[in-house]
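Residue-level structural notes
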Amino acid sequence: MAEATIPTFMRGKEKIMSLSDAVKTFIKPGTCICPGGFSYTKKPFALAREVIRQDIKDLFVTMNGGASICEFWAAAGLVKLLDTTYIGLEGIQPVAYSVRRSIQDGTIDVEDYSNYGYGLRTVAGRYGWPFAPLMSEFGTSFMDHDTFGKMGLRGKKADGSWIHPSIAPARAAVIEDPFDGWGLRPHAFEGGDGTSNKTNFLEQVRESTAYTGNKGVKVILVPPILPEVTIVLAQRVGELGTTRIEGILGPDAEQAISAKNCIVQTEKVVTEEELRAQPYSNNIAMQYVDAIVEVPYGGFPGQVPYYYDYDWDFWRSYTQINRKDKAEVNAYIKDWVMEDEWTFLSTRPGDGYPTITGTSGLERLFELRADAIYGYKPGLARPL
Amino acid sequence: MAVIRATDPKDWTHVDDTEYEAYCKERGIDPEKYTTMELLCIAAARQTYDYSFIFAGTGLPMIGCMMAQHTYAPNALIIMEAGILDPKLIEVPISVSEARGGYMCSTLSNMADTFGTFAQRGFCTFGMLGGAECDKYGNLNSTAMGGYYSKSARDDGKTGPTVRFAGSGGANNIASYADVGLAMMVQEKRRFPEVNEYITSVTGSRGPLGTEEDRYHKGLFRGAGTTIVSDLCIFRSSPETGELEMAEIYPGVDEQLVRENVSWELKTAKDFQPFTTPTHEEIKIARMVCDPNRIYLGRKTKRDLAAEK
């Protein structure tokens, strides 16, 4: 240890930054970035919009949990590589159109995992494990397709360094279970088996020679995710970085902790004491947070549980717009984000699409506020 | 597998007839005439069973699992992959992660935890999915058609797949772990090939049962057959061969139409029966309890749109 410097993650209140500084500091062209949240819930849209404003290109997006942010980035032409499980917008648009079109026309190269496969990669990333064990994906095309491998992005360069620091040397590996399926349920205890599961074909599986050529129970190993930056939305963050997520966690804590750097977008920066009074409810330890950006309502047009609901009418309108000509969608999205977040939030809600009440700007945002008991806005008009 | 089902409508969620009539009048919909989406939702609910753990994927299963809880499976527990166990669904969710889906659930955790704590441990007893393409042995493709690879990874000069779908999401995992699977999908010949070019999820036997190609010989240790609920009929895996067979056919649907819309020589199941027309009680519950906004039920299939013309 030659020179003593204070690590960035210990720099206390210096972590609190403006939206534009946080993005400028941590996200560069080509960065491997992992957006948090899930579909319409707790997506850090303010950070996503700032990436569009700064026009940061060639992004390598690694994600599970819905494609809403990736959809905006693909529309803006910022995504080059995608490591994912799902590119849909769930109940509103089965396949996010800009992402779909970019994969079909050769703009984006994509690698696929299943959600549990990817989820285990985030667990391995969180705990610093070399891999995690997966018992599904057997028998599928995941087992013999590897986009990044075919692109030559896996493995090491001549100088011994990884070709890409965020791409594992193999997509997955199969081993024989050294414990012969002992840990799997149903499992015969003296009093019964301890699961609700009704089917058990372990004996057939023990006879199988698939993948290794030898008989026995097989296990798939998946590598950790090691993104350069994770962006996440949390309702509250302490001024040193202690993070509290309310409502569904989705992949957020694992992805945040797996990354080299993590930017937390929050509804409110609070004192550390406020959160440390109930430390068992906090999700991300302070040292994993490198930047804190306070943007109330910055999760618009998504939902932030207990704070506000999604803007259904926006998504209905957007999913018509994103099917237009590619250049037109690109121009739309770049115009939609406006010059800064404050102008955006006071202008864009309710702007350019019909809503039942006809409100816009901040008034529209207030209208979407969630009920404290339900966590969403009961009776929110959701016309098809 | 012997199962319990609440078949007496007296045990179902009650909907007042007067309110129902007013609702239909206001919406301009026929109180007795069901739509294709309503039929899919009701048909799926009839396959579920009580006291099961229904692991529901996104899309139509959101309303399928809700329908099940208000009718045939009042004590079934719903699992949603973003971290939800046993929620009380008051409004239909549009995402497996949204706050509507998490209301009053027993625990709310994260994705890896849901698949680990519940599915891997054996609490995914009924898997309910949507799909884009389904083959003879119940394999679903929800990833891509026309070659999987994107541009830089392919060598046929094409820029990417002809059609890219959403990808697995949790479908692969739900299919791998569920005791019984169910997929709801629209039936067109091109969507029911003999063999899928890409297998995203193994809901059925994968290949002929008892051969090297079946799901167990590939390493999956759970799962005994699947039901595919299409907009024409219901297919079920043969317990002997694993092949999908026609098990029930909807009222007014010609058998020939079903056969024309699959790419293999379709067999009829031994226990084949006509599908009982959706009842007044079922339609009422689907509309007023599950999806009064008609977020899912108001949608139309290509076949619906063609029939309208």
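This report concerns the structure included in the present document. Just so we're clear, the structure is a prediction, and the values are computed from it rather than from any experiment.

Focus: the overall build of chain B
When its secondary structure is counted, chain B shows nine helices and 15 strands. Relative to the 2.2 N^0.38 estimate, which gives 19 Å for 309 residues, the radius of gyration of chain B is 19 Å and therefore close to what a compact globule would have. On the principal axes, the C-alpha backbone points of chain B span a range of 60 × 45 × 40 Å. Counting contacts in chain B only where the partners sit at least 6 residues apart, residues at least 24 apart contribute 68% of the total. Approximately 11000 Å² of chain B is accessible, and the part contributed by carbon and sulfur atoms is 53%. Averaging the coordinates of the 33 positive side-chain charges in chain B and doing the same for the 42 negative ones gives two points 5 Å apart.

Notes on helix H2 (residues 45-53) of chain A
Of all nine residues that make up H2 of chain A, nine are buried, and the element is covered over most of its length. Taken as a whole, H2 of chain A has its buried residues at Phe45, Ala46, Leu47, Ala48, Arg49, Glu50, Val51, Ile52 and Arg53 of chain A.

Quick word on the interface of chain B and chain A
Between chain B and chain A, the residue contacts involve 77 residues of the former and 84 residues of the latter. At the boundary of chain B with chain A, total buried surface from both sides reaches about 6700 Å², with 56% on carbon and sulfur atoms. Our count for the chain B to chain A interface comes out at four salt bridges. Between Asp309 of chain A and Arg100 of chain B there is a salt bridge, with the nearest N and O atoms lying 2.6 Å from each other. Counting every contact that joins chain B to chain A gives 55 residue pairs in polar contact (both at pLDDT 80 or more). Counting residues per element, the ones that place at least two in the side of chain B that touches chain A are helix H4 (99-102), helix H5 (111-120), strand S9 (163-164) and helix H6 (171-177) of chain B. The element best represented in the side of chain B that touches chain A is H5 of chain B, accounting for five residues.

Digging into the nonpolar core
Among the nonpolar cores identified, the biggest contains 176 residues, and Ile27, Trp73 and Ile263 of chain A are the most heavily contacted of them. In terms of residue count, the dominant contributor to this core is helix H2 (residues 36-47) of chain B (eight residues). Counting contributing residues per domain, this core is built from domain 1 (9-131 + 224-384) and domain 2 (132-222) of chain A, each supplying no fewer than three. Judged by nonpolar contacts, the second largest core, of 13 residues, contains Val237, Cys262, Ile284 and Val289 of chain A.

Re the side chain of Ser238 of chain B
Residues and elements named next belong to chain B. Note on placement: Ser238 falls in the loop between strand S13 (233-237) and strand S14 (244-249). On the basis of relative accessibility, which here comes to 4%, the residue Ser238 falls in the buried class. A distance of 3.1 Å separates a polar side-chain atom of Ser238 from the backbone nitrogen of Thr241. Those residues in contact with Ser238 that lie beyond four places of it in its chain are Leu209, Glu243 and Glu245.

Focus on the pairing of strand S2 (residues 59-62) of chain A
Residues and elements named next belong to chain A. Here S2 shows two buried faces, one formed by Leu59 and Val61 and the other by Phe60 and Thr62. The sheet contact formed by strand S1 (residues 32-35) and S2 spans two bridges and is parallel. Looking across to S2, one finds that Cys32 is bridged to Phe60. Pairing geometry for S2 and strand S3 (residues 79-84), over four bridges, is parallel. Residue pairing in the sheet places Leu59 in a bridge with Val79 of S3. Once the chain exits S2 it traverses helix H3 (residues 68-75) before rejoining the sheet at S3, and the crossover so formed is right-handed.

Parameters at a glance
Every chain's residues receive numbers from 1 upward, in the order its sequence appears when written. The order in which chains are written sets their letters, starting at A; the order in which ligands are written sets their numbers, starting at 1. Local features in this predicted model are restricted to residues whose pLDDT is 70 or higher, and side-chain atom pairs enter the listing and the counts only when it is 80 or higher, whereas totals over whole chains, interfaces and linings include all residues. Hydrogens are left out, water is left out, and the side-chain values use all remaining heavy atoms of the structure. The helix and strand labels rest on DSSP assignments: H or I over at least four residues marks a helix, E over at least two residues marks a strand, and numbering proceeds from the N terminus. Radius of gyration: over C-alpha atoms. The globule rule applied is 2.2 Å multiplied by the number of residues raised to the 0.38 power. We call two residues in contact whenever any of their non-hydrogen atoms come within 4.5 Å of each other. Accessible surface is estimated by sampling points in the Shrake-Rupley manner with a 1.4 Å probe; for residues, cover comes only from the protein chains shown. We treat Lys and Arg as the positive residues and Asp and Glu as the negative residues; His and chain ends play no part in the count. Here the site of a charge means NZ on Lys, CZ on Arg, CG on Asp, or CD on Glu. Note on exposure labels: buried denotes an accessible area under 20% of the residue type's maximum, exposed denotes more than 50%, and partly exposed covers the range between, all computed with a 1.4 Å probe on protein chains only. By definition, the buried area sums, over both parts, the 1.4 Å-probe accessible area that each loses when the two are put together. A side-chain nitrogen of Lys or Arg and a carboxyl oxygen of Asp or Glu constitute a salt bridge if their distance falls within 4 Å. The definition of a polar contact used here is a pair of N or O atoms within 3.5 Å, where within protein one atom must be able to donate a hydrogen and the other to accept one, and adjacent residues in sequence count solely through side-chain atom pairs. We call a set of buried residues a nonpolar core when its members are Ala, Val, Leu, Ile, Met, Phe, Trp, Tyr or Cys and they connect through side-chain atoms within 4.5 Å of each other. Start and end positions for the domains come from either an automated domain assignment or a database one. For two strands to be treated as a pair, DSSP must find at least two bridges joining them. Note on handedness: a crossover is taken as right-handed if, strands pointing away from the viewer, the path from the first strand over the helix to the second is clockwise.

Shape descriptors only; they carry no functional weight alone.
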